[in-house]
Amino acid sequence: MRNYLLMGTSGCHLCDQAAELIVATMDPQIHQVEEVDIAFEDGLMNKYAIRIPVLVDERSGAELGWPFDQHQLQKFISKVAISK
């Protein structure tokens, strides 16, 4: 199973759009996505505040920043799948 973090915050309509796209695209039997509210950690706020939503591959640290579409998301998933 590959683990990802979706960096965002409550009330962010772009984060909601990204989450919907992720649910529609990613296979939950292969990919696990945890939504992280950056508002509760200063370090995450400093890093992601003006960039959210951002999908982060936990294993490689690779990031896919918004805006992204289904094709870009699939390309990102394929790219990180071959990384260690």
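All values reported here derive from a predicted model rather than from experimental measurement.

*Asks:* Please explain the pattern of salt bridges as it appears in this structure.
*Replies:* For side chains of opposite charge, pairing can occur when their charged atoms come near one another. With the rule as written, the count across this model stands at 3 salt bridges. Among the ionic pairs, arginine 2 bridges to aspartate 57, the shortest N-O distance being 2.7 Å. Placement of arginine 2 in strand 1 (residues 2-8) and of aspartate 57 in strand 3 (residues 54-57) is noted, with a sequence separation of 55 residues between them. Each member of the pair, arginine 2 as well as aspartate 57, carries the same accessibility label: buried. Between arginine 51 and glutamate 63 there is a salt bridge, and its shortest N-O distance comes to 2.5 Å. Here arginine 51, found in the loop between helix 2 (42-48) and strand 3, pairs with glutamate 63, found in strand 4 (residues 63-65); they are 12 residues apart in sequence, far enough to count as distant. A residue is classified by how much of its surface remains accessible, and arginine 51, at 34% relative accessible area, is partly exposed.

*Asks:* How should the nonpolar core be read in this particular structure?
*Replies:* Nonpolar side chains in soluble globular proteins generally cluster together in the buried interior. Ranked by size, the top nonpolar core spans 14 residues in total, and within it Tyr4, Met26, Leu55 and Leu73 carry the most contacts. At the level of secondary structure, the elements contributing two or more residues to this core comprise strand 1, helix 1 (13-25) and helix 3 (70-81). Every residue in contact with leucine 73, bar those within four places of it in the chain, is listed here: Leu21, Ile22, Thr25, Met26, Leu55, Leu64 and Phe68.

*Asks:* I would appreciate a short explanation of the environment of lysine 47 in the present structure.
*Replies:* Position of lysine 47 relative to the elements: it lies in helix 2. Using a relative accessible area of 46% as the deciding quantity, one classes lysine 47 as partly exposed. C-alpha of lysine 47 to C-alpha of histidine 13: the two residues are 34 residues apart in sequence and 19 Å apart in space.

Conventions used here
Residues numbered from 1 in each chain as written. Predicted model: local features only at pLDDT ≥ 70, side-chain atom pairs only at ≥ 80, totals over all residues. Heavy atoms only, no water. Salt bridge = Lys/Arg side-chain N within 4 Å of Asp/Glu carboxyl O. Helix = DSSP H or I, 4+ residues; strand = E, 2+ residues; numbered from the N terminus. Buried < 20%, exposed > 50% of the residue type's maximum accessible area, 1.4 Å probe, protein only. Core = buried A, V, L, I, M, F, W, Y, C linked by side-chain atoms within 4.5 Å. Contact = heavy atoms within 4.5 Å.

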